[in-house]
Amino acid sequence: MSAFVIKSACFDDIHILNELMFDLHDEHHVQSPELFKTAEEIEQEKSIGRYIDNPECLVYIASIEDDIIGFVSGHFCELISVVSNPVMMGSVDELYVLPEYRKQGVAKALLDKIESTFINYGAKQMFVEVWSFNQQALALYEKQGFGHHIHCLRKPLSTPNT
């Protein structure tokens, strides 16, 4: 594999980034169609362009020559809760690497870049949400030092037969 570079995304990257976002959401929908909207539905509601336009948001891309092979997006804010102490935090919102470039250090490099930016912004913690079916992502995040914070459980409800 050729060496990849990590850099900030720009408006010229939006078309490719939207395609990668589509692929990310499509992978989630395929894994769990009962839980996830289709990528087409999400595409109508969400564009990564809103991240590039917002000073509290970050988007980094991994590229080989002129080809974008992955991206990470996130935002910086103060987490305020009625039960826990406030904390300046960075949140990883999306992380996606094209399948043919996975397990080659691209996702780690993207996470390292956004983490260093969060630190420079004064964040004290970094958060990410991962669906339980995504074992590859869970393993990556744990290897990067993330630990369990809150366990969010889900139970389908059914109406009793009477």
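See the structure above.
None of these values were measured; they are calculated from a predicted model.

A.B. asks: Where do I start with the pairing of strand E5 (residues 125-128) in this structure?
C.D. replies: Note on strand geometry: in a regular strand, side chains alternate between the two faces of the sheet. The sheet contact formed by strand E4 (residues 87-97) and E5 spans four bridges and is parallel. Note on E5: the bridge partner recorded for Ser 91 is Phe 127. In terms of handedness, the path from E4 via helix H4 (residues 106-121) over to E5 forms a crossover that is right-handed.

A.B. asks: Can you walk me through a negative patch on the surface in this structure?
C.D. replies: A surface patch of negative charge is lined by Asp 26, Glu 40, Glu 41 and Glu 43. Of all the elements, helix H2 (residues 39-45) adds the most residues to the negative patch, at three residues. Mapping Glu 43 onto the fold places it in helix H2. Under the relative-accessibility criterion, Glu 43 is labelled partly exposed at 42%.

A.B. asks: What am I meant to see in the side chain of Ser 63 here?
C.D. replies: By the element assignment, Ser 63 lies in strand E2 (residues 57-64). We classify Ser 63 as buried; its relative accessible area is 2%. Not counting chain neighbours up to four residues away, the residues in contact with Ser 63 comprise Ala 3, Phe 4, Val 5, Lys 7, Ile 68 and Ile 69.

A.B. asks: I'm lost on helix H1 (residues 14-31) in this one. Help?
C.D. replies: Owing to its 3.6 residues per turn, the α-helix aligns residues three or four sequence positions apart on the same side. The first and last C-alpha atoms of H1 sit 26 Å apart over 18 residues, in line with the 26 Å expected at 1.5 Å per residue. Elements that come into contact with the buried residues of H1 comprise H2, helix H3 (49-52), E2, strand E3 (67-79) and E4.

A.B. asks: Can you help me understand the pattern of salt bridges in this one?
C.D. replies: Opposite charge on two side chains allows them to pair when their charged atoms are near. Under the criterion given, the structure shown has four salt bridges. In this structure, the salt-bridge partner of Lys 108 is Asp 112, at a minimum N-O distance of 2.7 Å. With Lys 108 and Asp 112 both in helix H4 and four residues apart, this pair spans about one turn of that helix. What makes Lys 108 partly exposed here is its relative accessible area of 40%.

A.B. asks: Would you mind going over the nonpolar core with me for this structure?
C.D. replies: When a protein is soluble and globular, its nonpolar side chains tend to lie buried together. Formed by 37 residues in total, the largest nonpolar core has its most connected members in Leu 17, Phe 71, Val 92 and Leu 110. Listed by contribution, the elements that provide at least two residues to this core are H1, H3, E2, E3, E4, H4 and helix H5 (135-143). Take this core: its biggest share by element is seven residues, from E2. Residues in contact with Leu 17, not counting those within four places in the same chain, are Ala 9, Ile 48, Ile 52, Val 59, Ile 61 and Phe 71.

A.B. asks: What's the story with the sheet that holds E4 in this structure? I'm lost.
C.D. replies: The strands that make up a sheet pair up through hydrogen bonds in the backbone, lying either parallel or antiparallel. The five strands lie next to each other as E1-E2-E3-E4-E5, forming an open sheet whose pairing is mixed. Sheet topology places strand E1 (5-8) and E5 at the edges, where each strand pairs with a single neighbour. On average, each strand axis in the sheet is inclined to that of its neighbour by 30°, with strand direction left out of account. Strand contacts of H4: E1, E2, E3, E4 and E5, with the helix running at about 160° to E4, the strand carrying the most contacts.

A.B. asks: Could you clarify how one ought to interpret the packing of aromatic side chains in this entry?
C.D. replies: Any two aromatic rings considered together are summarised by their centre-to-centre distance and by the angle between their planes. Tallied over the entire structure, the rule returns four aromatic pairs. Taking 5.9 Å as the distance between ring centres and 85° as the angle between the ring planes, the aromatic pair formed by Phe 36 and Phe 133 counts as edge-to-face. Within this pair, whereas Phe 36 is found in the loop between H1 and H2, its partner Phe 133 is found in the loop between E5 and H5, the two being separated by 97 residues in sequence. Accessibility expressed as a relative area gives 13% for Phe 36, which makes it buried. Centre to centre, the rings of Tyr 141 and Phe 146 are 5.3 Å apart; their planes meet at 75°, and the pair counts as edge-to-face. Here Tyr 141 and Phe 146 have matching classes, each one buried. Linked through ring pairs, Phe 36, Trp 131 and Phe 133 together constitute an aromatic cluster.

So, how was this worked out
Residues numbered from 1 in each chain as written. Predicted model: local features only at pLDDT ≥ 70, side-chain atom pairs only at ≥ 80, totals over all residues. Heavy atoms only, no water. Pairing = 2+ DSSP bridges. Helix = DSSP H or I, 4+ residues; strand = E, 2+ residues; numbered from the N terminus. Right-handed = clockwise from strand over helix to strand, strands pointing away. Patch = residues over 30% accessible without salt bridge, like charges linked within 9 Å, V, L, I, M, F, W, Y side chains within 5 Å. Areas by Shrake-Rupley, 256 points an atom, 1.4 Å probe, with all protein chains shown as cover. Salt bridge = Lys/Arg side-chain N within 4 Å of Asp/Glu carboxyl O. Lys, Arg positive; Asp, Glu negative; His and termini not counted. Charge placed at Lys NZ, Arg CZ, Asp CG, Glu CD. Buried < 20%, exposed > 50% of the residue type's maximum accessible area, 1.4 Å probe, protein only. Contact = heavy atoms within 4.5 Å. Expected span 1.5 Å × (residues − 1). Core = buried A, V, L, I, M, F, W, Y, C linked by side-chain atoms within 4.5 Å. Axes fitted to C-alpha atoms, helices over the stretch in contact; angles between N-to-C directions. Phe/Tyr/Trp six-rings, centres within 6.5 Å; stacked < 30°, edge-to-face > 60°.

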